[in-house]
Amino acid sequence: MLGQGARLYWAIQWRRNEGLGALFLVLVVFAVIYAGLFPGILAVGAMAKFVQGWFPTAMVAAAETIVMLTGGIDLSVGPMVSLGSVVAASTMQGPLGILGGVLALLALGTGVGAIVGAFVAIGRYPAIIVTLALSFVLRGVALLIMPRPGGFVPPSLSEFLAGSHPTAAFLLVLLIILWKLYQATPLGIGLIAVGDNAEGAYRSGVSVTTVRMSAYILSANLQAFTGLYVAAQTGSGDPLIGEPLTLAAIAAAVLGGVGFLGGQGAMRGALAGSLLMSILINVMFFMGLPLVAQYVVQGLIIVATVSLPLIRTSLRRAS
Amino acid sequence: MGVQQAVLGARSVSKAFFGNPVLREVSIELVAGRIHALLGENGAGKSTLINLLSGTLRPDSGDILVDGHPIASLTPQEAHALGIAVVQQELSLAPHLSIAENIGLGAYPRRGGIVDYGRLAAAVAEIAKELELIEPLDMAVGRLPLGRRQIVEIAKALYIKPRVLILDEPTSSLSAPDVAILMKLVRRLRDRGVAILYISHRLNEILDFCETVTVLKDGSVTADRPLAGLGPNGLVRLMVGRDPRNLFPPYASRSTGALVLETKGFRAAGAIDVDFELCRGEILGIGGLVGHGQEDFMMGLYGAIRAEAEEFRVFADGVAARSAPFATVAEANAAGIAYVPADRRKEGLLLPHSIDFNLLLPLFASRSLERRRGVEETAITERLAQRLNIRGDRRRPAQALSGGNQQKVALSKWLALEPSVLLLNDPTRGVDVETKREIYLALRAMAAEGKAVVLLSSDTPELVHLCDRVMVFNKGRVAATLPHVEASEEAIVAAAMGVRNAPTLEGEPV
């Protein structure tokens, strides 16, 4: 028998699935197709590899969602991941080794997040402009530090994160648990309140500035550590490796029902969205579709999935 | 009174926005266990006063007093901590959060940094019971109809166990049973010693259960007295009482009696069953409290929102030319009906573009593929600028103009089409006195030319001094149509409030 509090909590959580039915359905269909075409994926090792491929997209989708929930957006995700990979690959050679790299990434994520947060939350600049400008700055800095791929990530770390172990899967589970905990704090609930009605949240005594600041800092840290993961995958840093992730993050969030106006959507939607895109890419890759066709199909499936609920509402209204 | 210490008060507070004074030296005292009414017309400064008392805004001068002590800079958080709760007209709810999370927002019980959903559920359930809030507490607020959201808003105020409760028109969107529940609750809170500030346009509610009233008029307190001995008409007099300044041109009717527009059983969104006729040369006023259907009526008339009517006729040269409401704004414009919106900055003008360009805009619709001819355009804009006395370089962007001059541009641009009917939505809102007078003169001149003018206004004296007839809306219907001689401020405000046939109080359903 659940207590009153737990009942309320889980009921609220359950209701956040509203509107995600279509996405979950499409996801299951494609997962089944994928498993049907390539039964080998069901083995532990292959599954671990698949999750490793998905993991960076999942991370940046989560980072984008945190910001979008507050009514903002982040266009600098890709360059930030690149910079993260560059910083990781150049600091881990230093005297502090892996620890030094982790500290450097924490400083990078917190610093960049605080700067964006200060502009958006305190200066009231539009997030789209701040992060667009930032994307150029970060790209430039990454190229200054490391004009071409290089640096070094300890093989032990590469093996741990992106080797044959299902580490990525465990990290994802950990990420989800931490997110659930954060969303159960006043700051976490504040994300949605601020995105929905910033003025009302302020009048209710929510510190809108703190909520937005922490959102940008959390998001930037997720992006920086995605950079570490990507560097571990390749064994070196690459100043341009994150580029496709900006649009992938936004696409996954939108696919997952996260709204541009704030307040709307849930992390599970964005994660499901990024998973669907990963499966699609894999299916099309194995089917030997040319890269250009892959982009077209990806775009069409995003539009189709996003319009499913819209079509349903307009049908309901018409009847 | 006066013996008891005020829990919350203001001492000669003033507040101005962009140099426009909104409150001047206003004082008010809220005492424990007393329901205090705050009255005033739209724009009298009530909302600003509430925002000062709740820490959302800070006064330019004067003090906010809590338990008699001035508080240097009150923030909403501090106000919460001091037990000051506000139920605003504009809801402070987050539609995507659940009822329970909304009620607790800003003051969640916590255990180790995490929201304690157990204690939250218990506290919210108790309030929900008191307010007869039967919806499941995990439901997203966005799923509730507006009236029920208002109940959640009230629950949110109760959640912080307030010592002071400020209610800003809490009943305007409530159904009758919900109003009854709220009334019962407010009385119970008073008996528990809560100080209550009650803002409402429903005079019978105020007479029913408030003890003291403060009346605001143009940002100043015009009355601060016990309610005993005042009737609805007494209240209306307190709200209106001012000397009509020498602002209006002398009244002279130019109405010709030749119909230009006639409709029966007209409906559009919030406007219900409006019978309406308009003559050439007439200035017809539309009054009523904000949101009682008058804006919808206007928007329906010129095809901006869907409208239906049993009968609808537009006359051109005395011949009925049309039998159904307009489906699009372009159709209405083509038939000689133009609309000047209230929000000139968003709807009336393209601010970054030149005054000339703005003036020409309505003409472009009918000349979509014609080549533009500079000389002809200059002649047109020259003429339009003269008609409303728009001075200075017209190549400046529209945003360089003051509010009043922007309004003149937004109005005169339609004159290029030589419309036969001009619909004006609150043309003098936020406009300085001098420009107001110019606009009044222009309206008179248009009427003299035989155009029909429909003037929707929140400024009651305009309706009294300018209009040949005044239609007053209440709850979406025309509550009264007053000819010029009967259209006093008292009569208009009374009709807008649903007070009929003074001095008895009838016809106002609670």
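See the structure printed just above.
Residues numbered from 1 in each chain as written. Chains lettered and ligands numbered in written order. Predicted model: local features only at pLDDT ≥ 70, side-chain atom pairs only at ≥ 80, totals over all residues. Heavy atoms only, no water.

Novice: Is there a simple way to think about the overall build of chain A in this case?
Specialist: Regarding its fold elements, chain A presents 14 helices and zero strands. Each helix and strand of chain A, ordered N terminal to C terminal, gives the series α-α-α-α-α-α-α-α-α-α-α-α-α-α. Computed over C-alpha atoms, the radius of gyration of chain A comes to 20 Å, within 12% of the 20 Å expected from 2.2 N^0.38 for 319 residues, which places it in the range of a compact globule. Once local pairs closer than 6 in sequence are excluded, the contacts in chain A between residues at least 24 apart make up 79%. Seen as two clouds, the 14 positive and the 8 negative side-chain charges of chain A have centres 10 Å apart. (Helix = DSSP H or I, 4+ residues; strand = E, 2+ residues; numbered from the N terminus. Rg over C-alpha atoms; globule rule 2.2 N^0.38 Å. Contact = heavy atoms within 4.5 Å. Lys, Arg positive; Asp, Glu negative; His and termini not counted. Charge placed at Lys NZ, Arg CZ, Asp CG, Glu CD.)

Novice: Hey, could you run me through the overall build of chain B in this one?
Specialist: In terms of regular secondary structure, chain B is built from 17 helices and 22 strands. For 510 residues, the compact-globule estimate of 2.2 N^0.38 gives 24 Å, and chain B sits close to it at 25 Å. Overall size of chain B, expressed as C-alpha extent along the three principal axes, is 75 × 55 × 45 Å. With 510 residues in all, chain B has 54% of them scored as buried. Just so you have it, chain B exposes about 21500 Å², and 51% of that area is on carbon and sulfur atoms. (Buried < 20%, exposed > 50% of the residue type's maximum accessible area, 1.4 Å probe, protein only. Areas by Shrake-Rupley, 256 points an atom, 1.4 Å probe, with all protein chains shown as cover.)

Novice: Help me understand the packing of aromatic side chains in this model?
Specialist: The description of an aromatic ring pair uses the distance of the two centres, along with the angle that the planes make with each other. Residues and elements named next belong to chain A. Across all of its chains, the model carries 18 aromatic pairs over all chains by this definition. An angle of 70° between the planes, with centres 5.8 Å apart, marks the rings of tyrosine 34 and phenylalanine 38 as edge-to-face. Residue class for phenylalanine 38 comes out partly exposed when judged on its relative accessible area of 23%. Centroid distance tryptophan 179 to tyrosine 182: 6.2 Å. Interplanar angle 35°. Geometry classified as tilted. Pair noted here: tryptophan 179 and tyrosine 182 are both in helix α8 (residues 167–183), with a separation of three residues, about one helical turn. Here tryptophan 179 and tyrosine 182 have matching classes, each one buried. (Phe/Tyr/Trp six-rings, centres within 6.5 Å; stacked < 30°, edge-to-face > 60°.)

Novice: Just checking my understanding: could you explain the side chain of serine 76 of chain A for this structure?
Specialist: Structurally, serine 76 of chain A can be placed in the loop between α3 (44–69) and α4 (77–91). Within the local environment of serine 76 of chain A, its side chain forms a polar contact with the side chain of aspartate 74 of chain A, the two groups lying 2.7 Å apart. (Polar contact = N/O pair within 3.5 Å; in protein donor to acceptor, adjacent residues only side chain to side chain.)

Novice: Where do I start with the sheet that holds strand β17 (residues 319–322) of chain B in this structure?
Specialist: Paired through their backbone hydrogen bonds, the strands of a sheet run either parallel or antiparallel. Residue and element names in this part refer to chain B. Strand order in the open sheet formed by four strands is β14-β13-β16-β17, with antiparallel pairing between adjacent strands. Of all strands in the sheet, those bounded by a partner on one side alone are β14 (271–279) and β17. Within the sheet, the average angular offset between the axes of one strand and its neighbour, ignoring direction, is 30°. The sheet contacts of helix α9 (residues 294–301) involve β13 (259–268), β14 and β16 (311–316), and relative to β13 the element is tilted by about 120°. (Pairing = 2+ DSSP bridges. Axes fitted to C-alpha atoms, helices over the stretch in contact; angles between N-to-C directions.)

Novice: What is the right way to read the packing of helix α8 (residues 232–240) of chain B against helix α17 (residues 489–496) of chain B from this model?
Specialist: Angle between the axes and distance between the axes: these two values describe a pair of packed helices. Residue and element names in this part refer to chain B. Axis separation between α8 and α17 bottoms out at 10 Å; the angle between their running directions is 120°. Between α8 and α17, the crossing angle belongs to the class labelled oblique. For the pair α8 and α17, the crossing hand works out as right-handed. Residue-level contacts link Val236, Arg237 and Val240 of α8 to Glu489, Glu490 and Val493 of α17. (Parallel < 35°, antiparallel > 145°, perpendicular 65-115°, else oblique. Left-handed = near helix turned anticlockwise from the far one by under 90°.)

Novice: Sorry, what's going on with the side chain of threonine 57 of chain A here?
Specialist: In this fold, threonine 57 of chain A is placed in helix α3. Contact partners of threonine 57 of chain A, with chain neighbours within four places excluded, come to Leu245, Ala248, Ser274, Met277 and Ser278 of chain A.

Novice: What is the right way to read the nonpolar core from this model?
Specialist: Most often, soluble globular proteins have nonpolar side chains that are buried together. Among the nonpolar cores identified, the biggest contains 159 residues, and Ile99 and Leu165 of chain B are the most heavily contacted of them. Counting residues per element, this core draws most heavily on α3 of chain A, which supplies 14 residues. The contact partners of leucine 165 of chain B, leaving out residues within four places of it in the chain, are Ala85, Val87, Ala157, Leu158, Leu189, Val194, Ala195, Ile196 and Leu197 of chain B. Of all hydrophobic cores here, the second largest spans 47 residues; its members include Ala338, Ala416, Val453 and Ala495 of chain B. (Core = buried A, V, L, I, M, F, W, Y, C linked by side-chain atoms within 4.5 Å.)

Novice: I'm lost on the sheet that holds strand β4 (residues 61–66) of chain B in this one. Help?
Specialist: Residues and elements named next belong to chain B. In spatial order, the strands read β2-β1-β4-β5; together these four strands make up an open sheet with antiparallel pairing. Strands with a single pairing partner mark the edges of an open sheet, and in this sheet they are β2 (20–31) and β5 (69–71). The average undirected angle you get between the axes of adjacent strands in this sheet is 30°. Here three bridges tie β4 to β5, and the two strands are oriented antiparallel to one another. Pairing of leucine 65 across the sheet is with proline 70, part of β5. Packing against the sheet, helix α1 (residues 46–53) makes contact with β1 (6–17), β2 and β4, and its axis sits at approximately 125° to β1.

Novice: Mind showing me how you'd approach the interface of chain B and chain A here?
Specialist: Think of interface size as the accessible area that goes away when the parts come together; that is how it is often given. Contacts between the two partners involve 35 residues from chain B, matched on the other side by 29 residues from chain A. Taken together, both faces of the contact between chain B and chain A bury some 2700 Å²; the carbon and sulfur share is 62%. Across the salt bridge formed by arginine 143 of chain B and glutamate 18 of chain A, the nearest N and O atoms sit 2.8 Å from each other. On inspection of chain B and its partner chain A, the count reaches nine residue pairs in polar contact (both at pLDDT 80 or more). Among the secondary structure elements, those contributing two or more residues to the side of chain B that touches chain A are α2 (76–81), α3 (99–104), β8 (114–115) and α4 (117–130) of chain B. (Buried area = accessible area lost by both parts, 1.4 Å probe. Salt bridge = Lys/Arg side-chain N within 4 Å of Asp/Glu carboxyl O.)

Novice: Quick question: what am I supposed to make of α8 of chain B here?
Specialist: The α-helix advances 3.6 residues per turn, and as a result positions three or four apart in sequence lie on the same side. All names here are of chain B. The element α8 is largely enclosed, with a buried count of seven among its nine residues. For α8, the set of buried residues is Pro232, Asn233, Gly234, Leu235, Val236, Met239 and Val240. Where α8 is buried, its residues touch β3 (35–39), α7 (203–209), β11 (212–217) and α17.

Novice: Any chance you could explain the pairing of strand β20 (residues 452–456) of chain B here in plain terms?
Specialist: A regular strand places its side chains on the two faces of the sheet in alternate fashion. Residue and element names in this part refer to chain B. Burial of β20 is extensive: five of the five residues sit out of reach of the surface. On β20, burial covers both faces: Ala452, Val454 and Leu456 on one face and Val453 and Leu455 on the other are all buried. The pairing of strand β15 (residues 283–287) with β20 spans four bridges and is parallel. Note that in β20 the partner of leucine 284 across the bridge is valine 454. In this sheet, β20 lies alongside strand β19 (residues 421–425) in parallel orientation, the contact comprising five bridges. Within β20, the position partnered with asparagine 425 by the bridge is leucine 456.

Novice: Teacher, can you tell me more about a nonpolar patch on the surface here?
Specialist: All names here are of chain A. On the surface, Leu25, Val29, Ile33, Leu37 and Met287 cluster together into a nonpolar patch covering about 460 Å² of accessible area. One can find leucine 37 in helix α2 (residues 21–37). For leucine 37, a relative accessible area of 41% puts it in the partly exposed group. (Patch = residues over 30% accessible without salt bridge, like charges linked within 9 Å, V, L, I, M, F, W, Y side chains within 5 Å.)

Novice: How do you make sense of unusual backbone geometry when you look at a structure like this?
Specialist: Comment: phi is negative for the bulk of residues other than glycine, and the bulk of peptide bonds are trans. All names here are of chain B. Although it is not a glycine, aspartate 426 sits at a positive phi angle of roughly 45°. Along the polypeptide, aspartate 426 turns up in the loop between β19 and α15 (433–448). If you check the backbone angles, lysine 475 has positive phi at about 55° while not being a glycine. If you trace the backbone, lysine 475 turns up in the loop between β21 (469–474) and β22 (477–483).

Novice: It is not clear to me how helix α13 (residues 374–387) of chain B should be interpreted in this structure. Could you clarify?
Specialist: Residues and elements named next belong to chain B. Helix length check: α13, at 14 residues, gives a terminal C-alpha distance of 20 Å against a target of 20 Å (1.5 Å per residue), a fit within 8%. Looking only at α13, the buried set comprises Glu377, Ile380, Thr381, Leu384 and Ala385. For α13, the angular spread of buried residues about the axis comes to 130°, placing them on one side. Among the exposed residues of α13, those pointing more than 90 degrees away from its buried face are Val375 and Gln386. (Expected span 1.5 Å × (residues − 1). Arc of directions from axis to C-beta.)

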